[in-house]
Each structure stands twice: as C-alpha cells, then as structure tokens.
Amino acid sequence: MNDTDPHLGLVPSTSLTRRRFLLGSSLVALGAEACSKPPRDDLIPYVQRPRDVIPGAATFYATTATRDAYGFGLLVESHEGRPTKIEGHPEHPASLGATGPREQAAIYSLYDPERAKAVRRRGAASSWSAFEFAMRAKESAPWSARGGEGLAVLLEPSTSLVAEARLDALRERFPEARVHFHAERSAIDRLEGARLAFGEPFDAVYSLDGADVVLSLDADLSGGGAMAVPMARAFFAKRRVESPRDGLPRLYAVETALGLTGAAADHRLAVPPGELPRVARSIANAILAALGDRTSPLAAALAAEASRESEPAFVRAAARDLVQARGRAVVLVGDRQPPDVHALGHALNALLGAFDHVVRVTRSPILEAGAPSHDVRPLLAALDAGAIDTLCVLGSNPGYSLPGDARVRERFGRAREVIHLGEHADETSALASWQLPAAHFLEAWGDARAMDGTSSVVQPLVVPLWGGRTVAEVLAALHGAAVRDSRRLLRDVFERRNVDFEDAVARGVVPHTDTLRPRAPSVDLAAVAAGLVARPSSPPTVTLAVAPHPVLHDGDLANNAWLQEMPEPVTKLVWGHALLVGPSTAASLGVRDGDAVEVASGERAVRLAAFVQPGHAEGAVTAWLGHGRRAPSLAASAGGADLAALRRLDAPWIVEPVTVRKIAGKERVIVTQTSADQHGRVAALRSTLDAWRADPAAFRQANEDPASILPERLSGSPQWGMAIDLAACTGCSACVVACQAENNVPVVGPADSALFRTMHWLRIDRYYGGTPAEPEVDLQPMLCQHCEKAPCEYVCPVNATVHSPDGLNEMVYNRCVGTRYCSNNCPYKVRRFNFYSHDDDLPESLRMAMNPGVTVRARGVMEKCTYCVQRIRRTEIDARVARRALRDGEIRTACEQVCPTEAIVFGDVSDPRSRVSELHRSPRAYAALGDVGTRPRTRYLARITNPGPEPSR
C-alpha cells in the first residue's frame, strides 16, 4: 500500500503502525514511539457526580425533529451530556420508533465544525448583545412610529405553537410588519389542492393498512415525508406474505425518474413531468367510466381525456383494480404536483370510498396554512418597491433555494438591513448585514406538531456549542419581549393550554393533542372539475424535471458528510449529482456516464455530468437540488451545478422546453456500485405471487446448506443471527447511516470514494432485471453474514478473524496486519480495509460524535459488521445483573432499530420460538450465495410481487 494519497495530498506518516513494525521496524523505534505520545488531555474526575449521570452508561432523552415542518419524535442517546445516537420515539405517530437517514445524520450536523460560530455584523465579529441593542433602537424609534412598517420576516413553514405565539406578539406590537413563509419542500400546492376539493386547506393522513390497491402519482412511499414511516410500515407489512395462499396488495406508480416507490411497484409508468397531470386525468376518466358516472361535473370535465397509445394498458389496469377494490383503494399524489392534480386525487379517493377506511382529513397544523403569507412573491414585490427597511430571514436559505427569476441578490440589496439566522455561513448570510448563528434542534427548546395534530417537545441534549439561538428567541428580540429564554417561552405556551410541562418534557409527546380532525368533510366534485387546468399537448421537446435530492433535501443538509457519502439508493451516486437521462435519450445525445452536457433554457444554461438511468422517462431529464453550493464549506466540495438559473417561481419543478447537448470534457461522477447484474447467482431473489403459488417450494433449495467437510463447532445458546425481508425493504438506506453513527464508521471523502474505498459496514445493493426501458429493481441490504463456515477465517495468517462462542464472526483489531486475504476470500465483499487513519485529523467537535462503546479503528486493519456486539454484551450484562434470561427481541442492532418497515429482525437462531428462527423457516427464506457453503447466519426472505393479469403496456 502506498502511504501517500495524491488525491488528498497526504505525506507518508511517521507514526509507528503494527504493519510497519512487522515489516521490519526495530524494537528501539517501538519503545521510542510508545514513550513519545502524551495523553491528549488531563482526565479530571467528578468531585460530585451529577444527578442521573452514570459514567459509561447511556441516558436517553425525548425530543423532536421536523420533516417539512411537521413534528417527528425522537429518542437521543447521550453519554455524560454528549449526544451520540438518535432513534425514533416509539410513542410518536410519525416515527413509531424508526427514523430516516436525515435524522440519523443529525448527530454529524450538530458537531459540524463548519457551523456558524459567532454573531457577525457586515463580516466583522460582533455579539448577541450588540444585535439586541440594535433591535431595541429600531423597536423604540422607527418601527414604533410606523407600527412596524418596513419590517419583514421570512421564515420556514412551521407547526410550532411557540413560534405561533411569538408571531402573534410581533404582529400585536407591529401590525404593519410583514410575515412570509418559504421552503422548497413546502405544502403550498398540496394545501391549495385540498382547498379546491374541501373548501379548506386540510391535510390528509393515510392509513395504508386498509389499502389493497394503491396508485402513486409521483408520491413517495419510502422517503422522508412527514408521515412516510407509518405509511411505509403499514403498506409493506401487507407485502410480507407468509404463504402462497395469502393476498398481496398491488402498487401502481407513475413517475419520471426511477425512485424507490417505482422500484417497489408492481406496475410502473414513466412519463415526462408535464405529462403526469394528463395521465392522472386519463385514469380518472377511466375510473368514472367504470363507475358508470357520465353525468357529474367531473365526468363532463374529463370526457375528452384519453390515454395515449403507450399508456392505455396501464390506465385500464390501474382503473380496473382501483374500482374493484373500492373501499380498500387509494390514490396518493406527490407534493411537487400542481393543485388541480391534488384536488383530483381527493376526488378519486372520495369516489373510491377511501375516506371510510384509508384516508382521514385533519386541519393542517402548518401556521397560516393556505394563507397568502406562504407566497413569497408579494415580499419580493415589496423589496422591488423599496418598502422593506429590515428583512429578517430566519432559518431558511433563499439565497440558494429560490429560483433565478427571484433575483435574490439584487432584491435583498434593496433592503437597508438584512438579518439572517442560520446554522452555516451560506449564500443568504453572504447577503446579510447581520449573520446570526442558529441553534441546532439538539441544542434548542421548542415544539412541533405532527400532521395529525400530535404535539411534541423539542428539548436540548447539550448547551449550544457555538452560542446559537432559536427562531422563537430572535422573534422575541425583534418585538422587545420581556421573556426571551426559549424554555420559558415553551413553558408559558404549554401552561396556557393546561399542559403539564414537566410531564410533556419527560414523555416527549403531549398526550391527547390530536384535536385537528374536522367533521367528516365532503369533496366538492364541481369545484374540482372547475379547478382542472387545461394543459395542451406540447410539441416533442425535452423537459427538465427538478426534484429535491433524495438524501440532501433542498441543500440544507449538503454540509453533512455522512449524507454526502451515503449512496443515493437507486443511482448509487455520492459526493455530487448528475443529469439523469433515459437510455434512448442518452443514445440520441451520444452521451455516456460522466460526459459533460449543457442544459439550456433560453439564454440560461448549466453544465452537468450525464448519467444514464434505466427506467427514466424518455423525452425528459432529471436533476436534483442540493448541489452546486457557493458557500465556503464542505458542501461546495461536492461539486455539481446550481439549478437556480433554469428555475422559475411560477413553475419551480418543471423547466420546459430545454435543450440538452453534449459538450467537450468530463464531469466527476462517483458511484459505489458499477455492476447491476446478478450474473445468475442467488443474491436478491424475487418471484411473482402467481409463480410462487405454482411452485410453493421455489426457494427451498436456496435455504438448504450444502454438506461441508468442516467440523460443526458451534453449540449452546444463544446463537445470534438475522433475517432481512426483501419484500419489506424499501432501500431507504436509513440502516446505512445508523450503522455509521453507531459504529464510528469513518468518512473517506470524494477522492477515496472514487477509488471504491468507502468504509460502510452495511450497503444497499441494487440490481436491475427486465429491460433498460422497463427495469425490474431489486434492493438488498448486504452486511457481514456471520457465516458458520466463514471463508475469511481459514485464510487469516494471524488469526485476527475468529468465531465467538455465540456465533459471531469477530475481528480482533490488534492482531490484524492488513494482508486483506480475508477480503479476497469473502464472497459477499463486506469487509472494509482502513487505507488511512481517517480519524487522526478529525476536528475535536466531530470526535464528540463518537460512540464510546465502540473501538475507533486504526490505519491498516480490516473492519466489518459485528451485529452491534457492543449492544449484545451490554444487554447480556444487564440481564445478568437483573438475574433473568434474555428476552426475544430485547437486543436490537442499529440497523434493525432504525428500519421504518421493520424489514430487519435480529435474535437467537438456536431458540426455535424466536422471531428470527420463525423467519429462517419461512418458505421465502434463503441464503445469499448459499451454494458456496458458507452457511450464513443472515437469511433473506425473497421478494414477492403482484403484477396484474393485464400487462402495464
């Protein structure tokens, strides 16, 4: 191995390593090296141990994150006041004890050394007291004299009762002040669609355990939406069939780029983004025809709709199954769709009887939902008119996220004072006269409400590391409130609502707050029909679909290295994005992966890397937000292009027409998986329900272990193993980041990622079948299988990889000399070699994210999944102290605990009554690559799909 990495510019290390010693270093050098490193810091014991702190034992606290403004309950693990790991709150209706990648990676964001660390006034260091003094001067003179005229506040959408109280107080003090809300992933179109359908901007909460047929119109069943966890858990639980005789729900998906919902669908239709509303109307027309409705206003408005030649089979099949499953069928519409499509979705759900069992409607907890304040254009017009003296941007980053025609830099420059509260020095803070550091949600007091109205508490796990403050505290400073402490603000709000504050903080969830459900609303079909927008067929041009990044959101998480290095589940792209192009479109353009292309709309153009994506709609291309950042931080190193120049305020998600042409040069494209073919091996197995019924023993042979000449050496209890149900796995990759956070897995950066040196102990493999135009997608979590006949063990020359008495394949790090024979001999390729000491130069703040229960590995050793052995041993010790036996399901690995769909189960395979043993005996169970004789302790359950009798095309 070369000790110098030209990509990172590292020089050869002079520190002694085990490998150098064994390769010839002298004992004198060993002694000198051992004596030359003093302790990093003095260790000072507690004089008096703080209450509730037991050194070495973790403490858990309830708090709340937000997803698109809605509350998402969490439990956070803390070691001596240092948060290290996040789990879902089992009593919160949005999380149900699970999380997604973004919540797992929040630990990195908390300790990010590039967070804003101080108040700055026009680039110079300042202080909070100076800011408050300046606000008092404005509050006492110019704002007071004019009732707040000239003051404007721009916030992200919120469901916080504390924020609502602060805004009410601000308006009471300054009635002429402007308040606006903006975020890329806002609910404005969804709520406006609900207003068309119901007369009010309601939210719809879906209970998919009552759905047998689901139609997704660009909706995401497995991503990071506000209620994605309960929706995914309910739907995919019904996909986990135990017998060929069981029924199986059917999923139809219409989308542009291949996503996780399309990958899970039984039938999928790829269409350009501008065509999706027309497809929705064609399906609605077919449903009305099947229901015999030819006289209603909606039927009359849709009478002229007809599907195109490439779509009638899909349209007929979807309409037929939805009508046949009336009362147990539902239509889901994605947030990026226009209001009339959302309204049409509500109308179809009413016609299909979904409001009886599958859908319930609530009043939206979003502050000022459906009000004009959620439109940012009046604020921009006021800036143009010179009517804004002071603009306060609290929490959002419009300098990056607003489309190009918003002319943010020009318009913000017309305000005399721009105040920005944010976690980083970003594109908006560069335009601000006051840059204020924001508190991370793990440093803050506050609250948030889930979509169903459930309130939950945001409580800090640590004092603000860099003096950040919350939105509520800054709002209180703006209007001169006597109380500005966020904890006191929260207590006052709860006490006015007769909520026991201490109990709410202890539980995290405020009981009996689901009070938003209105009387049974009815859908006004005539209003829906009147609101349908006529969209003439466009000439055959290319359309650009703009989408939030599946991992990085709209760029607010672009400075999180855990998320930058987490492979996007379908494309496997890391550290950047690309222009997704369908196979036929790529052939017509003459482009391959990494070729530079120019995407132009009128005089505006951006340069991107091409990436050929099977299953992408032809006649369209897709690019994600979140990259092309101009901020001086880690986010900028990921590269990519800022799409703002192409986007417009009136149509932020579609740019049409565009011209795409290949240009000279290459752009960086980093992927972590280059082959999508299983090459005939038994890896990720699938079958249709009909085929399984015809051959119920289809997977039996793949679950039988071949004979072995190696001795049977393991006996006794417990014997640990795992089962992973591919019918339930959505590929969301929450398990990947959870494993990283739990096990101190290092980030290697873009240069080493390009050399396939990522260190993840768990990965999601993605395979394609079918055709490039209509691929069948299989997603498979792959980790150390803990083989009973482990081929890595027999080739290790120093006995560094061994078997434990309870069946774990263990790595003894201080024996490993880095021969990598074990990796060569592993058929699953799940062992990771530490080419560099990735943690040596880690900033001190990021060291605080380390789990103290897991060894931080050194350069030159092999590492891999341990089934979270630290959790196993901790629970065994607790059981011995309590003098009781271990309970089934008591030990949960990090990947198991985080999984939104409960696809991963861990337990004692020697106990025939354990859940994992039951799954190992399932008729769908099999061993990945079991024919090589490894006898893996991890068994998979094959995925069963349920395509209808009529083909989708």
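Please refer to the structure higher up on the page.
Residues numbered from 1 in each chain as written. Predicted model: local features only at pLDDT ≥ 70, side-chain atom pairs only at ≥ 80, totals over all residues. Heavy atoms only, no water.

Visitor: For this particular structure, what's the right way to read the overall build of the protein?
Guide: A count of helical and extended segments in the protein gives 33 helices and 38 strands. Since a compact globule built from 953 residues should have a radius of gyration of about 30 Å, the 28 Å found for the protein is in line with a globular shape. Across the 953 residues in the protein, those meeting the buried criterion constitute 59%. The long-range fraction of contacts in the protein, counting pairs at least 24 apart against all pairs at least 6 apart in sequence, stands at 74%. About 37,400 Å² of surface is accessible on the protein, with carbon and sulfur atoms providing 52% of the total. Each charge class in the protein can be summarised by its mean position, and for the 109 positive and 112 negative side chains these summaries are 2 Å apart. (Helix = DSSP H or I, 4+ residues; strand = E, 2+ residues; numbered from the N terminus. Rg over C-alpha atoms; globule rule 2.2 N^0.38 Å. Buried < 20%, exposed > 50% of the residue type's maximum accessible area, 1.4 Å probe, protein only. Contact = heavy atoms within 4.5 Å. Areas by Shrake-Rupley, 256 points an atom, 1.4 Å probe, with all protein chains shown as cover. Lys, Arg positive; Asp, Glu negative; His and termini not counted. Charge placed at Lys NZ, Arg CZ, Asp CG, Glu CD.)

Visitor: In this structure, what is going on with the pairing of strand β23 (residues 604-612)? I would like to understand it.
Guide: Every other side chain in a regular strand lies on the same face of the sheet, so the side chains alternate between the two faces. Where strand β21 (residues 579-581) lies against β23, three bridges are found, and the strand directions are parallel. If you follow V581 over to β23, its bridge partner there is V612. Here strand β22 (residues 595-601) pairs with β23 via six bridges, running antiparallel. Bridging across to β23, V597 finds its partner in L608. Counting the residues that bridge the hairpin from β22 to β23 gives two residues, and of these G602 lies at a positive phi of roughly 65°. (Pairing = 2+ DSSP bridges.)

Visitor: It is not clear to me how the nonpolar core should be interpreted in this structure. Could you clarify?
Guide: Nonpolar side chains tend toward joint burial in soluble globular proteins. Counting residues in hydrophobic clusters, the biggest one holds 138 residues, and the most contacted among them are L208, V330 and L332. Element by element, the count of residues in this core is highest for helix α27 (residues 734-742), at seven residues. In this structure, V330 is in contact with Y206, L208, A211, V213, V214, L215, L322, N349, A354, V358 and V359, ignoring residues within four places of it in sequence. Counting residues in each nonpolar core, the second largest holds 44 residues, with A280, A299, L302 and L532 among its members. (Core = buried A, V, L, I, M, F, W, Y, C linked by side-chain atoms within 4.5 Å.)

Visitor: What should I look at first to understand the sheet that holds strand β28 (residues 720-725) in this one?
Guide: Strands belonging to one sheet form pairs held by backbone hydrogen bonds; the direction of such a pair is parallel or antiparallel. Here four strands make up an open sheet; going across it, the order is β35-β28-β37-β36 and the pairing mixed. Every interior strand has two partners, whereas the edge strands, β35 (904-908) and β36 (925-926), have only one.

Visitor: Looking at this model, I keep getting lost on the pattern of salt bridges. Mind explaining?
Guide: Where side chains of opposite charge bring their charged atoms close, a pairing between them can arise. In the structure shown here, the tally under the stated rule is 62 salt bridges. Residues R336 and D218 are paired through a salt bridge, measuring 3.3 Å at the closest nitrogen-oxygen approach. With a gap of 118 residues between them, R336 in the loop between β12 (329-333) and α14 (339-351) and D218 in the loop between β9 (213-217) and α9 (228-237) connect regions that are remote in the sequence. You can call D218 buried: its relative accessible area is 16%. Between E502 and R491 there is a salt bridge, and its shortest N-O distance comes to 2.7 Å. Taken together, the residues E502 in helix α21 (residues 501-507) and R491 in helix α20 (residues 486-496) connect sequence positions eleven residues apart. (Salt bridge = Lys/Arg side-chain N within 4 Å of Asp/Glu carboxyl O.)

Visitor: Looking at this structure, how should I read the packing of aromatic side chains?
Guide: For any pair of aromatic rings, the description consists of the separation of the ring centres together with the inter-plane angle of the planes. Evaluation of the coordinates by the stated rule reveals 15 aromatic pairs. Measuring from ring centre to ring centre gives 5.8 Å for F198 and F202, while their planes differ by 50°; the resulting arrangement is tilted. With a relative accessible area of 13%, F198 lands in the buried category. The buried category is assigned to F202, whose relative accessible area is 6%. Measuring from centroid to centroid gives 5.4 Å for W720 and F906, while their planes differ by 20°, and the two rings are stacked. Within this pair, whereas W720 is found in strand β28, its partner F906 is found in strand β35, the two being separated by 186 residues in sequence. The class for F906 is buried, based on a relative accessible area of 2%. (Phe/Tyr/Trp six-rings, centres within 6.5 Å; stacked < 30°, edge-to-face > 60°.)

Visitor: In this structure, what is going on with helix α5 (residues 128-140)? I would like to understand it.
Guide: Helical geometry note: an α-helix holds 3.6 residues per turn, so side chains three or four residues apart project in the same direction. Compared with an ideal rise of 1.5 Å per residue, which puts 13 residues at 18 Å, α5 spans 18 Å between its outermost C-alpha atoms and is within 8% of the ideal. For α5, the full list of buried residues reads W128, F131, E132, M135, K138 and E139. Buried residues of α5 fall within an arc of 120° about the axis and therefore sit on the same side. Among the exposed residues of α5, those oriented more than 90 degrees off its buried face are F133 and S140. Looking at the packing, one finds that the buried side of α5 touches α6 (142-145), α7 (161-173), β14 (390-394), β15 (417-422), β16 (434-437) and α19 (471-478). (Expected span 1.5 Å × (residues − 1). Arc of directions from axis to C-beta.)

Visitor: When you look at the environment of A303 in this model, what are you seeing that I'm missing?
Guide: Residue placement: A303 occurs in the loop between α12 (297-302) and α13 (312-324). The exposed category is assigned to A303, whose relative accessible area is 56%.

Visitor: How do you make sense of the pairing of strand β37 (residues 938-941) when you look at a structure like this?
Guide: Residue alternation in β37 divides its side chains into two sets, T938 and Y940 and R939 and L941, and both sets are buried. Both β28 and β37 contribute to a ladder of four bridges, which runs parallel. Across the sheet, I724 pairs through a bridge with Y940, a residue of β37. Here two bridges tie β36 to β37, and the two strands are oriented antiparallel to one another. Bridging across to β37, Y926 finds its partner in Y940.

Visitor: Would you mind showing me how to read the packing of α7 against α20 here?
Guide: When two helices pack together, you describe them by how their axes are tilted relative to each other and by the distance separating the axes. Where α7 contacts α20, the two axes come as close as 9 Å, and the packing angle between them is 95°. The angle between α7 and α20 places the two elements in the roughly perpendicular class. Contact residues: α7 offers L161, V162, A165 and R166, while α20 offers L489, L490, V493 and R496. A breakdown of the residues in the contact of α7 with α20 according to their chemical character gives six nonpolar, no polar and two charged. (Axes fitted to C-alpha atoms, helices over the stretch in contact; angles between N-to-C directions. Parallel < 35°, antiparallel > 145°, perpendicular 65-115°, else oblique. Nonpolar A, V, L, I, M, F, W, Y, C, P; charged D, E, K, R; others polar.)

Remember that the coordinates give geometry; whether it matters functionally is a separate question.
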